[in-house]
Amino acid sequence: MNFELYFLLVASLLFLISLFFSINFKKEKIGESMIFPAIFVQFLLLVVRSWSAKHPPFTNMYETMILLPFLFSLRLVLWKKQLEGNTRFGVIFLVLLLNMIAILVPGPMKEIRPLMPALNSPWMYIHVPSYFVAYSSMLMAAILAVMTLIRKDDLVLMKKLDEEVKIAFFFLNLGMITGAIWAYFSWGTYWGWDTKETWSLINILVLSYYFHVRKSETVSKAAIVIFTLLTIIFTYVGVTFILPGLHSYT
Amino acid sequence: MKKYILPMFQVVTKIIIILLSLSTFFIQRDHPDNTSDHLLVKLFSLDHFYNSGLNLFLFSLFILLILFAVGSKRLNIPIQVVLHLVLALAFIVIIYDKTCNEHNYITLCEGETLQFSEAVKDPKHNHTIKLEKFMIDYHDDYTNMVKAYTSQLIIDNRDTTFLQVNKPVKIGHYRLYQNAYDKIPLYHIKIDEAEFNISIDDTLTFNNNSIYISMAENRRTITVHFNEQQKRISPMGGTFTMNEFEFDLKMEDVVFQSIIEVASVRGMVLLLVLGLAYLTTLGIAFWRKKP
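Since the structure is predicted, the reported quantities are computational estimates derived from the model, not experimental observations. (Residues numbered from 1 in each chain as written. Chains lettered and ligands numbered in written order. Predicted model: local features only at pLDDT ≥ 70, side-chain atom pairs only at ≥ 80, totals over all residues. Heavy atoms only, no water.)

Draft legend 1. Examining the overall build of chain A more closely. Helices and strands together make up the secondary structure of chain A, namely ten helices and zero strands. Along its sequence from the N terminus, chain A presents helices and strands in the succession α-α-α-α-α-α-α-α-α-α. The C-alpha radius of gyration computed for chain A amounts to 18 Å, which stays within 12% of the reference 18 Å derived for 250 residues, consistent with globular compactness. Principal axes of the C-alpha set define a box for chain A whose edges measure 55 × 50 × 30 Å. Per-residue burial for chain A yields a buried fraction of 58% across its 250 residues. Summarising the internal contacts of chain A: among those between residues at least 6 apart in sequence, 75% fall at separations of at least 24. As presented, chain A carries roughly 11100 Å² of accessible surface, and 74% of it is formed by carbon and sulfur atoms. When the 20 basic and 14 acidic side-chain charges of chain A are each reduced to a single mean position, those positions are 5 Å apart. (Helix = DSSP H or I, 4+ residues; strand = E, 2+ residues; numbered from the N terminus. Rg over C-alpha atoms; globule rule 2.2 N^0.38 Å. Buried < 20%, exposed > 50% of the residue type's maximum accessible area, 1.4 Å probe, protein only. Contact = heavy atoms within 4.5 Å. Areas by Shrake-Rupley, 256 points an atom, 1.4 Å probe, with all protein chains shown as cover. Lys, Arg positive; Asp, Glu negative; His and termini not counted. Charge placed at Lys NZ, Arg CZ, Asp CG, Glu CD.)

Draft legend 2. Broad picture of the overall build of chain B. Looking only at helices and strands, one finds six helices and 14 strands in chain B. In terms of overall dimensions, chain B is more spread out than a globule: its C-alpha atoms have a radius of gyration of 27 Å, far above the 19 Å expected for 291 residues. Taken over the C-alpha atoms alone, chain B extends approximately 90 × 50 × 50 Å along its principal axes. Within the span of chain B, comprising 291 residues, buried residues form 43% of the whole. Here the analysis covers contacts within chain B between residues at least 6 apart in sequence; of these, 48% occur between residues at least 24 apart. Here chain B holds 28 positive side-chain charges and 30 negative ones, and the gap between their average locations is 21 Å.

Draft legend 3. Highlighting the side chain of Gln152(B). Residue and element names in this part refer to chain B. Note that Gln152 resides in strand 4 (residues 146–155). On the basis of relative accessibility, which here comes to 16%, the residue Gln152 falls in the buried class. Not counting chain neighbours up to four residues away, the residues in contact with Gln152 comprise Lys130, Leu131, Glu132, Lys133, Met135, Thr160, Thr161 and Phe162.

Draft legend 4. Spotlight on the interface of chain B and chain A. At the junction of the two partners, chain B supplies 51 residues and chain A supplies 44 residues. Summed over both partners, the interface of chain B with chain A buries about 4100 Å², with 68% contributed by carbon and sulfur atoms. In this structure, the connection of chain B to chain A is made through zero salt bridges. Along the contact surface separating chain B from chain A lie 14 residue pairs in polar contact (both at pLDDT 80 or more). Breaking the side of chain B that touches chain A down by element, the ones donating at least two residues are helix 1 (2–26), helix 3 (53–71), helix 4 (78–100), strand 4, strand 7 (174–191), strand 14 (245–264) and helix 6 (268–287) of chain B. It is helix 1 of chain B that contributes the most residues to the side of chain B that touches chain A, twelve residues altogether. Its residues assigned to classes, the side of chain B that touches chain A shows 29 nonpolar, twelve polar and ten charged. (Buried area = accessible area lost by both parts, 1.4 Å probe. Salt bridge = Lys/Arg side-chain N within 4 Å of Asp/Glu carboxyl O. Polar contact = N/O pair within 3.5 Å; in protein donor to acceptor, adjacent residues only side chain to side chain. Nonpolar A, V, L, I, M, F, W, Y, C, P; charged D, E, K, R; others polar.)

Draft legend 5. Region of interest: the packing of helix 7 (residues 124–150) of chain A against helix 8 (residues 155–187) of chain A. Residue and element names in this part refer to chain A. Between helix 7 and helix 8, the shortest axis-to-axis distance is 7 Å and the interhelical angle comes to 155 degrees. When the axes of helix 7 and helix 8 are compared, the pair comes out roughly antiparallel. The interaxial crossing formed by helix 7 with helix 8 has left-handed handedness. Looking at the contact of helix 7 with helix 8 residue by residue, the classes come out as 23 nonpolar, seven polar and two charged. (Axes fitted to C-alpha atoms, helices over the stretch in contact; angles between N-to-C directions. Parallel < 35°, antiparallel > 145°, perpendicular 65-115°, else oblique. Left-handed = near helix turned anticlockwise from the far one by under 90°.)

Draft legend 6. Main features of the sheet that holds strand 11 (residues 222–226) of chain B. All names here are of chain B. Taken in spatial order, the four strands make up an open sheet running 9-10-11-12, and their pairing is antiparallel. Looking at the sheet topology across the chains shown, the edges are occupied by strand 9 (203–206) and strand 12 (229–233). With strand direction ignored, the average angle separating the axes of adjacent strands in the sheet is 20 degrees. Bridging between strand 10 (residues 209–215) and strand 11 involves five bridges; their strand directions are antiparallel. Bridge pairing in strand 11 places Tyr212 opposite His225. (Pairing = 2+ DSSP bridges.)

Draft legend 7. Structural detail: a nonpolar patch on the surface. All names here are of chain A. The grouping of Phe36, Phe40, Phe43, Val47, Val77, Leu78 and Trp79 at the surface amounts to a nonpolar patch, some 680 Å² of accessible area in total. At the level of elements, helix 2 (28–53) and helix 4 (75–78) are the ones that each hand at least two residues to the nonpolar patch. It is helix 2 that contributes the most residues to the nonpolar patch, four residues altogether. Assessed through its relative accessible area of 58%, Phe36 is described here as exposed. (Patch = residues over 30% accessible without salt bridge, like charges linked within 9 Å, V, L, I, M, F, W, Y side chains within 5 Å.)

Draft legend 8. Here's a closer look at the domain arrangement of chain A. Residue and element names in this part refer to chain A. Here the domain parsing of chain A yields domain 1 (1–111) and domain 2 (118–250). Computed over C-alpha atoms only, the centres of domain 1 and domain 2 are separated by 21 Å. Each partner contributes to the interface: domain 1 provides 22 residues, whereas domain 2 provides 25 residues. Of the roughly 1900 Å² buried where domain 1 meets domain 2, counting both sides, 75% is carbon and sulfur surface. Contact with domain 2 buries surface across domain 1, with Phe58, Met61 and Arg75 losing the most and accounting together for 28% of the total. Glu164 is paired through a salt bridge with Arg75; the nearest N and O atoms lie 2.8 Å apart. The interface formed by domain 1 and domain 2 contains four residue pairs in polar contact (both at pLDDT 80 or more). At the level of elements, helix 3 (61–73) and helix 5 (85–104) are the ones that each hand at least two residues to the side of domain 1 that touches domain 2. By residue number, the principal contributor to the side of domain 1 that touches domain 2 is helix 3, which donates seven residues. Among the residues forming the side of domain 1 that touches domain 2, the class breakdown is 13 nonpolar, seven polar and two charged. (Domains from an automatic or database assignment.)

Shown next as structure tokens:
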């Protein structure tokens with residue numbers, strides 16, 4: 001348990017150093033050089049968690065809280081050329097914020113619990129990661145949406161936003177369809193109006209608005225993205241803690 | 001008409017989003033018979049929204065508007081037409097399937113046999129199902145949590161099959177799903193000098209008197225019903241007097257009861273194909289090379 005906390009602290013510290021140097025444009029390269037070690041430590045954290053839990057790190061809230069910043073931080077390496085200064089700053093800031101939340105999560109939520117019978121299915125390996133790829137794309141889209149509101153006529157930025165929303169929308173749908181197949185094998189029904197299911201549908205319906213407004217309506221598009229992120233945050237955290245349902249373990 | 005389709009579609013979607021999100025706060029899942037007194041909840045059936053006519057109407061309108069958009073050539077790129085048609089078709093199959101499929105629950109204690117046709121009220125499926133053994137596998141760590149549970153079933157006195165969570169068993173067009181399990185206490189009851197074995201929800205007759213035992217929902221007490229009289233005692237048993245008879249009740253054993261869900265979902269293969277078609281067309285629509 002403590003090992004995990006150390007990894008999380010080291011990764012956060014490296015991201016913090018990177019964030020500090022990315023503000024100072026003259027020393028940007030020092031910040032850049034901290035990114036790869038930070039992501040590597042974040043990856044090691046997931047390996048350690050999986051090894052001690054004997055299952056992949058996405059079976060409860062805490063595990064997904066350490067998976068999401070890792071998936072999101074991968075953009076700093078894989079989409080390096082597409083991330084300009086301010087976007088890069090936004091990504092590092094959000095990764096750091098997510099790590100801080102994971103550090104502050106109460107101890108009992110961090111405890112390793114073995115898999116319950118319903119989670120023992122190959123569909124879990126597609127269903128859950130699909131959603132977290134979508135969530136990380138939505139985080140990126142939200143950063144781009146805020147920047148779009150500031151620079152309304154930037155077509156390159158709009159194109160990037162379009163791409164992120166497409167990735168998020170595709171993976172939200174993939175998550176829902178694989179979830180339906182899994183539910184069919186597990187509960188005998190592909191759709192049971194469970195609270196998490198209903199809110200996942202709401203996320204898709206809200207985001208589908210994005211594709212049904214004119215290309216020129218940049219403010220509406222940005223507003224839809226930010227609103228979808230809010231509904232996703234409610235689905236991820238709010239539904240788990242406020243509303244009862246079959247997905248109470250997530 | 002063509003120019004009103006998109007605004008109408010947006011309005012319908014907005015209403016669906018608002019009602020669906022509100023319904024998650026008011027829905028009565030555990031107590032379906034409860035209804036709210038709140039005017040707005042009553043007006044929009046928010047406490048029973050998913051089975052309401054309003055939900056069916058809104059989704060039907062949603063499908064109709066998609067089909068109108070396709071029919072009125074509102075969509076001018078072929079892949080968008082295909083995408084919307086697949087989506088509309090998938091929703092039609094879901095609505096048809098949700099109104100036609102059947103769900104039942106059956107419970108079987110170890111050694112018990114059940115007539116399947118009676119359970120599903122379908123005389124065509126004249127099978128017998130016996131729960132030969134119920135097995136629980138625990139995680140070998142400090143939590144000792146349940147790893148898997150398996151019902152060893154014997155169908156028609158010859159075929160042995162193992163039913164587990166995520167691994168349904170097929171009987172005709174029905175599928176059996178391992179839903180949950182329960183521990184049912186077995187009691188030894190001594191009334192004056194007569195002795196019997198009885199389990200929860202069983203009835204036995206003694207000297208023209210009827211004896212029945214029920215368990216409280218919180219499982220903290222059991223109630224012994226002797227004709228019209230009732231006596232609430234600890235689930236472990238106890239000694240008491242009712243109608244001048246001396247009762248001595250002891251929990252003797254615990255048997256496992258397997259809770260099995262029986263479902264008939266007819267359109268699943270079609271839905272699977274439509275789901276894959278939807279994802280493929282969505283991928284093509286998003287990432288095709290534009291001329």
